[in-house]
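Here is how the chains run, residue by residue.
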Amino acid sequence: ATHAWAITKNDDTTAATLTNDQKATANELTYNGGDQALVSAPTAALPDGYTIQYSLDGTTWTTTPPTGKDAGDYTVHVKYVGDDNHADFNGDDIAVTIAKKAVTLTWAENPEYDGTEKTMTATVNGAVVGENVTVTTYTGNTGTNVSNYNAEATGLSSANYKLPDDATHAWAITKNDDTTAATL
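Structural notes, computed from the coordinates. Note that the structure is a prediction, hence the values are computed from the model and not measured. Per chain, residue numbering runs from 1 following the sequence as it is written. Where totals are concerned, whole chains, interfaces and linings use all residues; where local detail is concerned, this predicted model gives features only for residues with pLDDT of at least 70, and gives and counts side-chain atom pairs only at 80 or more. With hydrogens and water set aside, each side-chain value is computed from the structure's full complement of heavy atoms.

Another point: the pattern of salt bridges. Salt bridge, as used here: a side-chain nitrogen of Lys or Arg that lies within 4 Å of a carboxyl oxygen of Asp or Glu. Taken as a whole, this structure holds 1 salt bridge when the rule is applied. Between K118 and D114 there is a salt bridge, with its nearest N and O atoms 2.9 Å apart.

This brings us to the packing of aromatic side chains. Paired rings are identified among Phe, Tyr and Trp, the last through its six-membered ring, by centres lying within 6.5 Å, and are further divided according to the angle between planes into stacked (under 30 degrees), edge-to-face (over 60) and tilted (the rest). According to the stated counting rule, one finds 5 aromatic pairs in the structure shown. Both rings, one in Y149 and one in W171, keep their centres 4.7 Å apart while their planes meet at 25 degrees; by these two values the pair is stacked. Pair noted here: Y149 is in strand β16 (residues 147-156) and W171 is in strand β18 (residues 168-173), with a separation of 22 residues, a long-range link. Only protein chains enter the accessibility calculation, which uses a 1.4 Å probe; a residue is then buried when its area is under 20% of its type maximum, exposed when over 50%, and partly exposed in between. For Y149, a relative accessible area of 19% corresponds to the buried category. An aromatic cluster is defined as three or more aromatic residues linked by ring pairs; in this entry it consists of Y50, Y80 and F89. We count a stretch as a helix when DSSP gives it H or I for four or more residues in a row; a strand needs E for two or more, and each element gets its number in order from the N terminus.

Quick look at the side chain of S55 now. If you trace the backbone, S55 turns up in strand β5 (residues 50-55). In this structure S55 comes out as buried when scored by relative accessible area, which is 2%. A 3.5 Å cut-off defines polar contacts: any pair of N or O atoms within that distance qualifies, except that in protein one atom must be a possible hydrogen donor and the other a possible acceptor, and neighbouring residues in sequence count only when both atoms are side-chain atoms. A distance of 2.7 Å separates a polar side-chain atom of S55 from the backbone nitrogen of G58. A distance of 3.5 Å separates a polar side-chain atom of S55 from the backbone nitrogen of T59. With residues up to four places along the chain from it excluded, the contact list for S55 reads T60, W61, T75, V76 and H77. The contact definition used throughout considers only heavy atoms, calling two residues in contact when any of these lie within 4.5 Å.

Moving on, we come to the sheet that holds β18. Pairing within the open sheet is antiparallel, and its 3 strands lie in the order β14-β16-β18. Unpaired on one side and paired on the other, β14 (135-139) and β18 mark the two borders of the sheet. Sheet twist, expressed as the mean angle between neighbouring strand axes with direction ignored, is 40 degrees. Note on pairing: DSSP must find at least two bridges between two strands before they are called paired. Examined bridge by bridge, β14 and β16 share 4 bridges and lie antiparallel to one another. Along β16, the bridge assignment pairs V135 with L156. What counts as an axis is a line fitted to C-alpha atoms, over the stretch in contact for a helix, and the angles between N-to-C directions run from 0 to 180 degrees.

Moving on, we come to the environment of H77. Relative to the helices and strands, H77 is located in strand β7 (residues 72-82). Along the backbone, H77 and G58 are 19 residues apart, and their C-alpha atoms lie at a distance of 6.2 Å. A polar contact of 3.0 Å, which involves the side chain of H77, links it to the side chain of D93.

Moving on, we come to the environment of A24. Relative to the assigned elements, A24 resides in the segment before β1 (25-26). Placed 69 residues apart in sequence, A24 and D93 show a C-alpha to C-alpha distance of 9.6 Å. Look past the residues within four positions of A24 in its chain and what remains in contact with it is V39, S40, A41, P42, I52, Y54, Y80 and I94.

In this text, buried Ala, Val, Leu, Ile, Met, Phe, Trp, Tyr and Cys residues form a nonpolar core when linked through side-chain atoms within 4.5 Å. V76, Y80, L105, W107, V135, A153 and L156 are the most contacted members of the largest nonpolar core, which totals 37 residues. Those elements that place two or more of their residues in this core are β5, β7, β9 (94-99), β11 (104-107), β13 (122-125), β14, β16 and β18. When near neighbours in sequence (up to four residues on either side) are disregarded, Y80 contacts L18, Q22, K23, A24, L46, Y50, T51, I52, D88, F89 and G91.

Right, let's talk about the pairing of β11 for a bit. On β11, burial follows the alternation: L105 and W107 on one face are buried, whereas T104 and T106 on the facing-out side are not. Summarising the sheet, β11 and β13 pair through 4 bridges and their orientation is antiparallel. Note that in β13 the partner of L105 across the bridge is V124.

Keep in mind that these numbers describe shape and distance, not what the molecule does.
Written out as structure tokens, the structure is:
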């Protein structure tokens, strides 16, 4: 008599049986203008018979950790692919954020009164070399008469950057000192 039999894949290894150093980990990232690895590969050897793969879309997989460039939130999907003797299994999804790069502002000099409307503006400092980031919106940055004003930068031209925590500036339109008394 004959008996049909088969060797099945070992499915004893799961995400729950991995040690922390056998799992990929999220990198702490801030926008820098270039592609950055979103996760770090495991620091310890994987169980025998397994390789790790990564995906951003759950469809296209690679053995190289995926990269991101723009500030924002990413989800890295992880799976462990077994050889002919080991069953595949899914790892934990990893949430990663590339933080916005903080910038500073340099405000223009106070203007002198001349009867026309004046506009206070700021220059952005600290952007990645080669990127021109500007303040696109303000509140309180216009005035005509000699007075004290408070301006606030409220928007930037790139979503990869964030304004300083205090983006306000006290400014004034000053008296014009060039006038002299007329003599008779």
